[in-house]
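Summary of the model geometry
Single-letter residue listing:
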Amino acid sequence: MEQFLAFGIVGLSTAAIYAIIGSGLVLTYTTTGVFNFAHGAAGMVSAFVYWQLHIGWGVPAPLAIAAVLLVFAPLFGLVFAWALAPTQGLGDAEKLVMTIALLSGLILLAQWVWDPNTARTLPKFFAEQRPLHFGVITLTWHQALTMMVAIAVAVGLRLLLYRTRTGAEMRATVDDRALVGLTGADPRRANRVAWILGIELAAIGGILVAPTVALDAPQLSLLIVSAYTAAIFGRLRSLPMTFLGAIVVGCLESYLTGYLPQNEYLPGLRLAAPALLLFIALLLFPHGRLRGRDRRLSPIPLPTVSGSAAFAAVVVALGILLATVLGEADLITYGQIFAFGVIGLSFVPLAGYAGQISLCQLSIAGIGAVIYAQYGADGQWWALPLAMAVAGAVGAVIALPALRLSGVYLALATVAFSVVLDRWVFTLPTVHIFGVKITFFEQGSLNLAGPRLFGLHLDGTAQVTVFAAVCLAAASFAIAMLRRSRFGRRLIAMRDSEAAYATLGGNLLMAKVLVFALSAAIAGLGGALYGMQLRAVTSDHFNLVSGLPIFLIVVIAGLGAVGSGFFTGVAYAGPLLVIPVLWPSLLNLSQVLPSLGGIAFAGGMLGQGAIATMRQEWLPMFRDRVVLPVLLVCSVLLWVLRLVDVITGWHFFFGLVLVVIGARVWIARQRRVPTEPEVPLEWWGIRRPWRNQDEEVLSRATAAAS
């Protein structure tokens with residue numbers, strides 16, 4: 001009994017932290033309508049700032065806490081209010097992009113400022129004081145402080161929201177901003193207050209939890225998963241239910257630590273328990289009905305057959321060029337373009353066509369890598385379609401809860417699924433499922449070899465690169481044809497309005513299962529190709545944090561564009577890997593680029609996506625009868641010079657860039673039309689400049705009159 005009570009006290013102290021963080025999350029959501037995925041990252045940064053002041057610079061703890069809570073956190077809250085203000089009237093996807101960009105960016109920023117290779121710890125509060133004893137219960141002063149702060153937060157929020165005018169404004173703002181403004185209140189001020197208080201609570205939670213765990217940016221940021229679970233218990237509205245959910249999560253973690261049987265299969269279950277509980281809560285608790293049309297939907301382009309075939313040919317040609325002009329070491333690095341391109345392409349049918357949000361695509365890619373490594377160790381070709389089939393089956397399972405979840409709830413479910421894979425499934429030793437042996441990352445890494453096709457063993461890096469390019473080209477062409485098919489039109493209709501699609505007789509369950517399975521199969525293919533390229537992969541290659549930049553780049557490119565996959569590969573494995581090689585000091589800056597791009601996209605600076613802009617600006621260059629042959633001849637000439645070792649691979653690359661830029665400048669000059677004289681023409685009260693067509697109309701009218 002004494003042990004049971006001891007674990008209960010630990011669970012309640014942990015629950016207090018989750019309650020504080022979760023209440024801040026609920027506060028900002030109920031007031032602004034924005035679910036802040038970066039809430040935990042805000043607490044993480046606050047904890048690091050507190051460490052810097054107290055440990056790094058020797059500032060006394062009370063002064064350091066005051067500086068963080070009274071100066072840094074309020075200013076940080078204003079930054080969040082300013083950054084997320086443009087998303088206030090947008091749909092769930094746009095809001096999601098901004099907060100995920102902030103989450104990924106803050107993690108990378110913290111790792112940039114505070115070297116993750118340096119161990120950092122914080123002392124517990126009042127650690128030198130003797131513990132408190134209440135019969136058989138022993139309570140440290142840090143635990144007591146945590147519980148008291150949680151109680152004070154609960155009382156303070158209750159009084160603020162239901163006993164003050166500011167609280168009433170904050171609760172009313174999310175329902176009807178215009179109506180609140182008519183009453184004389186200021187909705188923007190209410191939002192700013194909500195963000196300041198929300199980030200303040202995240203900072204308090206971060207400072208309280210930091211002494212009990214290692215100061216690690218991803219770990220601290222993903223502690224928010226437990227707070228997500230608490231917030232879902234309150235359905236993102238009720239603070240009392242959020243506190244109850246925090247107690248359930250905290251005690252569950254504590255009792256699993258104390259009573260979970262010690263064997264090789266269960267240690268990861270304790271770490272994954274909050275995510276599993278989040279997944280279960282999302283399934284059991286009621287949410288919104290089938291969603292109707294979002295407030296803003298971007299049109300999905302309809303690719304042509306000839307254009308899709310030409311694009312596939314260009315991808316294959318690029319794979320051949322890279323395989324022939326780059327050395328072995330460079331190919332291992334830059335050949336990842338095509339593997340990441342396939343993983344990025346998996347978002348197009350799912351999020352682009354069907355409007356279903358998934359943040360676990362890279363984790364599913366890890367499943368594809370595991371299956372291929374298990375059954376394709378000697379290059380068996382059939383291991384690749386098997387990996388796609390298993391990944392597709394996993395995607396079909398994810399689709400079942402997706403039937404009743406959408407928007408932020410679906411995103412949370414896929415986050416929970418990814419965390420379960422990261423913390424538990426991928427850490428399992430060899431398991432037997434229905435008599436089938438499956439080995440995960442038990443030895444730390446998996447070795448993958450290229451397949452044997454048509455009597456050839458594609459085991460060399462150059463061969464794998466070309467094979468990955470062919471796979472990306474074939475998958476891109478197939479997705480383009482899917483957009484033109486009847487099923488593709490059904491997916492677009494489901495994206496426009498699930499309610500209307502179901503009302504008109506559409507089978508939502510079948511459509512979601514098929515599109516999730518297809519998307520997961522493509523991701524599984526990308527994971528296998530990624531492993532072939534690197535030869536050996538670990539579970540860290542497929543975790544949630546690593547997958548966030550891929551999602552952001554696909555959104556920046558344009559979720560509905562087939563070229564988004566190739567764009568993602570080039571942007572992720574191109575500049576993000578080229579910049580550190582050429583300028584090592586800019587490594588951290590290059591890693592933050594996807595987050596900056598996601599913020600720019602959500603802020604409206606990138607319009608409908610980079611692919612649409614590039615197509616409009618660059619497509620005329622490939623249609624010009626003079627420029628296109630010259631571009632091809634120059635490219636082939638540079639390629640030949642590289643093959644005979646007259647120039648290096650870098651010379652080939654920069655030469656090709658110069659040729660493309662020159663062609664682009666030439667097209668821009670050719671498209672300039674001399675300004676016509678502004679001769680006004682008035683017809684039926686409408687004034688406009690004189691045009692060449694008007695002369696022909698005038699001549700015909702004169703001839704008819706004569």
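Because the structure is predicted, anything quoted here is derived from the model rather than measured.

Another aspect to go through is the overall build of the chain. A tally of regular secondary structure across the chain gives 31 helices and 10 strands. Accessible surface, the chain: about 32300 Å² in total, of which carbon and sulfur atoms supply 67%.

This paragraph deals with the packing of helix α24 (residues 544-557) against helix α25 (residues 564-573). The contact between α24 and α25 brings their axes to 9 Å, and the two run at 125 degrees. With respect to α25, the element α24 is oriented oblique. Two packed elements cross with a definite hand, and for α24 against α25 that hand is right-handed. Residue-level contacts link S546, P549, I550, I553, V554 and A557 of α24 to S564, F567, T568, A571 and Y572 of α25. The residue inventory of the contact of α24 with α25, partitioned by class, reads 8 nonpolar, 3 polar and no charged.

The grouping of V636, V640, L643, V644 and V646 at the surface amounts to a nonpolar patch, some 420 Å² of accessible area in total. Structurally, L643 is set in helix α29 (residues 627-643). Taking relative accessible area as the criterion, L643 reaches 43% and is therefore assigned partly exposed.

Relative to the helices and strands, V225 resides in helix α10 (residues 224-233). Judged by relative accessible area, which is 1%, V225 ranks as buried. It is 6.4 Å that separates the C-alpha atoms of V225 and A275, two residues lying 50 residues apart in sequence. If near-sequence neighbours (up to four positions away) are discounted, V225 is found in contact with P274, A275, L278 and V419.

Our next topic: unusual backbone geometry. Look at R535: it is not a glycine, yet its phi comes out positive at around 75 degrees. Relative to the helices and strands, R535 resides in the loop between α23 (508-534) and β8 (536-537). Looking at R535, the relative accessible area reads 32%, which means it is partly exposed.

By the definition in use, this model includes 1 salt bridge. Notably, a salt bridge pairs R495 with D496, separated by 3.4 Å at the nearest N-O pair.

Counted residue by residue, α10 has 10 buried out of 10 residues, so it is predominantly covered. Considered for burial, the residues of α10 that qualify are I224, V225, S226, A227, Y228, T229, A230, A231, I232 and F233. Summarising the contacts, the buried residues of α10 are in contact with α1 (2-32), α2 (39-56), α9 (217-222), α11 (239-259), α12 (267-284) and α19 (407-423). R235 sits one or two residues past α10 and shows a positive phi near 50 degrees.

With that out of the way, let us pick up the nonpolar core. A general tendency of soluble globular proteins is for nonpolar side chains to be buried together. Residues F37 and F80 are the most contacted members of the largest nonpolar core, which totals 200 residues. Leaving out residues up to four positions away in the same chain, F37 has contacts with L96, T99, I100, L103, Y228, L359, V408, A411, L412 and V415.

Another aspect to go through is the packing of aromatic side chains. For the structure on display, the rule yields 16 aromatic pairs. Grouping aromatic residues by their ring pairs yields a cluster made of Y29, F35, F37 and Y228. The ring of W51 carries the charged tip of R120 above its face, separated from the ring centre by 5.0 Å.

It is worth spelling out the side chain of D422 at this point. Within the secondary structure, D422 is located in helix α19. Buried D422, no salt bridge; nearest opposite-charge side chain is R423, N-O distance 6.7 Å. Every residue in contact with D422, bar those within four places of it in the chain, is listed here: S363, T427, F542, N543 and L544.

Our next topic: the confidence of the model for the chain. Averaged over all residues, the pLDDT of the chain equals 81, while 84% of them reach at least 70. Element-level mean pLDDT values for the chain span from 48 in strand β9 (residues 680-683) up to 94 in helix α20 (residues 461-484). Contacts from residues 289-295, a stretch scored under 50 in pLDDT, to residues over four places away or in other chains number 22 contacts. Contacts from residues 675-686, a stretch scored under 50 in pLDDT, to residues over four places away or in other chains number 16 contacts.

What counts as what
- Residues numbered from 1 in each chain as written.
- Predicted model: local features only at pLDDT ≥ 70, side-chain atom pairs only at ≥ 80, totals over all residues.
- Heavy atoms only, no water.
- Helix = DSSP H or I, 4+ residues; strand = E, 2+ residues; numbered from the N terminus.
- Areas by Shrake-Rupley, 256 points an atom, 1.4 Å probe, with all protein chains shown as cover.
- Axes fitted to C-alpha atoms, helices over the stretch in contact; angles between N-to-C directions.
- Parallel < 35°, antiparallel > 145°, perpendicular 65-115°, else oblique.
- Left-handed = near helix turned anticlockwise from the far one by under 90°.
- Contact = heavy atoms within 4.5 Å.
- Nonpolar A, V, L, I, M, F, W, Y, C, P; charged D, E, K, R; others polar.
- Patch = residues over 30% accessible without salt bridge, like charges linked within 9 Å, V, L, I, M, F, W, Y side chains within 5 Å.
- Salt bridge = Lys/Arg side-chain N within 4 Å of Asp/Glu carboxyl O.
- Buried < 20%, exposed > 50% of the residue type's maximum accessible area, 1.4 Å probe, protein only.
- Core = buried A, V, L, I, M, F, W, Y, C linked by side-chain atoms within 4.5 Å.
- Phe/Tyr/Trp six-rings, centres within 6.5 Å; stacked < 30°, edge-to-face > 60°.
- Lys NZ or Arg CZ within 6 Å of the ring centre and 35° of its normal.
- Lys, Arg positive; Asp, Glu negative; His and termini not counted.
- pLDDT = per-residue confidence, 0-100.

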